[in-house]
Amino acid sequence: MTLCADIGNSAVKLALVHGGHVRWSATLAGSPRAEDIDATLRRARARMVPGTAAAMVSVRPALDARVAAALRRACGTAPLAVTHRTRLPIALAVRHPERLGTDRICAAVGALGMRRRGVIVVDVGTAITVDLVTGRTFRGGVIMAGPSLSLGALHAGTARLPRLDFAAGTFPPARIDATDVAMRWGAGLGAAGGIVAAVAMLQRRLGARLPVVVTGGAAGRIRPLLPARFEFRPHVTLVGLARIAELSKSS
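Keep in mind that what you see is a predicted model, and the values were worked out from it rather than measured. (Residues numbered from 1 in each chain as written. Predicted model: local features only at pLDDT ≥ 70, side-chain atom pairs only at ≥ 80, totals over all residues. Heavy atoms only, no water.)

1. Topic: helix 2 (residues 64-75)
The cut-off we apply is this: We count a stretch as a helix when DSSP gives it H or I for four or more residues in a row; a strand needs E for two or more, and each element gets its number in order from the N terminus. Here the expected length of a helix is defined as 1.5 Å per residue gap, with one fewer gap than residues. Between buried and exposed lies partly exposed: a residue is buried under 20% and exposed over 50% of the maximum accessible area for its type, with that area taken using a 1.4 Å probe on protein chains only. To obtain the arc, one takes the directions from the helix axis to the C-beta atoms. Throughout, a residue-residue contact means that at least one pair of heavy atoms, one from each residue, lies within 4.5 Å.
When the terminal C-alpha atoms of helix 2 are compared, their 16 Å separation across 12 residues agrees well with the 16 Å that a helix rising 1.5 Å per residue should span. Among the residues of helix 2, Val 67, Ala 68, Ala 70, Leu 71, Ala 74 and Cys 75 are the ones counted as buried. Burial along helix 2 is one-sided: seen end-on, the buried residues are contained in an arc of 160 degrees. If you follow the buried residues of helix 2, they end up packed against strand 1 (2-7), strand 2 (11-18), helix 1 (34-45) and strand 4 (53-58). Directly beyond the C-terminal end of helix 2, a positive phi value near 85 degrees is found at Gly 76.

Here you go:
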């Protein structure tokens, strides 16, 4: 069993993962305080087994020490912090692996699982990544703005468009007759259309169709706008992180 932390740009996701399955999970929005992380992890301890390891992946270094300390308090050992130098079950065929977001690595590992040799993995968060993995090798992909970032840019770059939270209200909206719903429609459709176009581009470059796995905090809201053949797996990054931790522990 592995206690995992995924430190993203807008939230910290925590999970207990065992055998490739999430047994418990929680999400802390923003920049949680140490005491809030500890309080959340106390709920996980009742489900932990002796020898539970800890692992973390981060794209927000300012929170790394705080989350690492909380994981150490919960498990009694320092967590594995995944980098491009960590032992991985996939190869990294990119020009600058040290610049590659480690969350993209974990998502790729989780989306591949134990049997697949190729996959396109889509992570919908503050940013959207659409990545290609073939022959158990990470090949790179596409990065674009997520729906919340798009709404923020519309507000910041115009005189009158309001500041909106993409996570607020229902989506897709039932109406189109107000500025706020028009903006949310635009952000969601832009994200979904960009994802579909990116997947098509990667498949054209490959000359074959691969399974597509979709994850990320905003994935659930735009899911109705995506093709039904896309596989929705909300915890794929955490599952991949746990698998990397298990591989590292066995080495």
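2. Looking at the sheet that holds strand 1
Quick note on the threshold: Two strands pair if DSSP finds at least two bridges between them. What counts as an axis is a line fitted to C-alpha atoms, over the stretch in contact for a helix, and the angles between N-to-C directions run from 0 to 180 degrees.
Across the sheet, which stays open at both edges, the five strands sit in the order 3-2-1-4-5 with mixed pairing between neighbours. For this open sheet the edge positions go to strand 3 (21-29) and strand 5 (80-81), each flanked by a neighbour on one side alone. Note: strand 2 against strand 3, eight bridges, orientation antiparallel. Each bridged residue has a counterpart across the sheet, and for Val 17 the counterpart in strand 3 is Val 22. Lying over the sheet, helix 1 contacts strand 1, strand 2 and strand 3, oriented at roughly 160 degrees with respect to strand 3. Helix 7 (residues 236-250) contacts strand 1, strand 2, strand 3, strand 4 and strand 5 of the sheet and is inclined by roughly 125 degrees relative to strand 1.

3. Remarks on helix 3 (residues 102-112)
Counting buried positions over the 11 residues of helix 3 gives 11, a clear majority of the element. The set of residues buried in helix 3 consists of Thr 102, Asp 103, Arg 104, Ile 105, Cys 106, Ala 107, Ala 108, Val 109, Gly 110, Ala 111 and Leu 112. Positive phi shows up at Gly 113, right after helix 3, with a value of about 65 degrees.

4. Here we look at unusual backbone geometry
In this structure, the amide linkage connecting Phe 171 to the following residue, Pro 172, adopts the cis form with an omega of 0 degrees. Looking at the element boundaries, Pro 172 is found in the loop between helix 4 (147-156) and helix 5 (179-206).

5. Details of the packing of helix 1 against helix 2
Stated formally: Two helices cross in a left-handed way if the nearer one is turned anticlockwise from the farther one by less than a right angle. They cross in a right-handed way if the turn is clockwise. Each residue is assigned to one of three groups, with Ala, Val, Leu, Ile, Met, Phe, Trp, Tyr, Cys and Pro labelled nonpolar, Asp, Glu, Lys and Arg labelled charged, and all others, Gly among them, labelled polar.
Running from N to C, helix 1 and helix 2 cross one another at 35 degrees; their axes reach a closest spacing of 10 Å. Taken as a pair, helix 1 and helix 2 cross one another with a handedness that is right-handed. Contacts between helix 1 and helix 2 pair Ala 34, Ile 37, Asp 38, Leu 41 and Arg 45 from the former with Arg 66, Val 67, Ala 70, Leu 71, Arg 73 and Ala 74 from the latter. In terms of residue class, the contact of helix 1 with helix 2 is built from seven nonpolar, no polar and four charged.

6. Concerning the packing of aromatic side chains
We count it as follows: Here a pair means two rings of Phe, Tyr or Trp (six-membered ring of Trp) with centres within 6.5 Å. Their orientation is stacked below 30 degrees between planes, edge-to-face above 60, and tilted elsewhere. Should the NZ of a Lys or the CZ of an Arg lie within 6 Å of a ring centre and within 35 degrees of the ring normal, that charge is described as sitting over the ring.
A complete count under the given rule lists two aromatic pairs for this structure. For the ring pair Phe 171 and Trp 185, a centre distance of 5.8 Å and an interplane angle of 55 degrees mean the geometry is tilted. One end of the pair, Phe 171, is in the loop between helix 4 and helix 5; the other, Trp 185, is in helix 5, and 14 residues separate them in sequence. Through a chain of ring-to-ring contacts, the aromatic side chains of Phe 166, Phe 171 and Trp 185 assemble into a single cluster. Arg 221 extends its terminal NZ or CZ atom over the ring of Phe 166, reaching a point 5.3 Å from the ring centre.

7. With respect to the environment of Val 119
You can see Val 119 is positioned in strand 7 (residues 119-124). Remark: the alpha-carbon pair of Val 119 and Leu 28, spanning 91 residues in sequence, is separated by 29 Å. For Val 119, the residues in contact, after removing those within four places along its chain, are Ala 111, Leu 112, Asp 131, Leu 132, Val 133, Leu 210, Pro 211 and Val 213.

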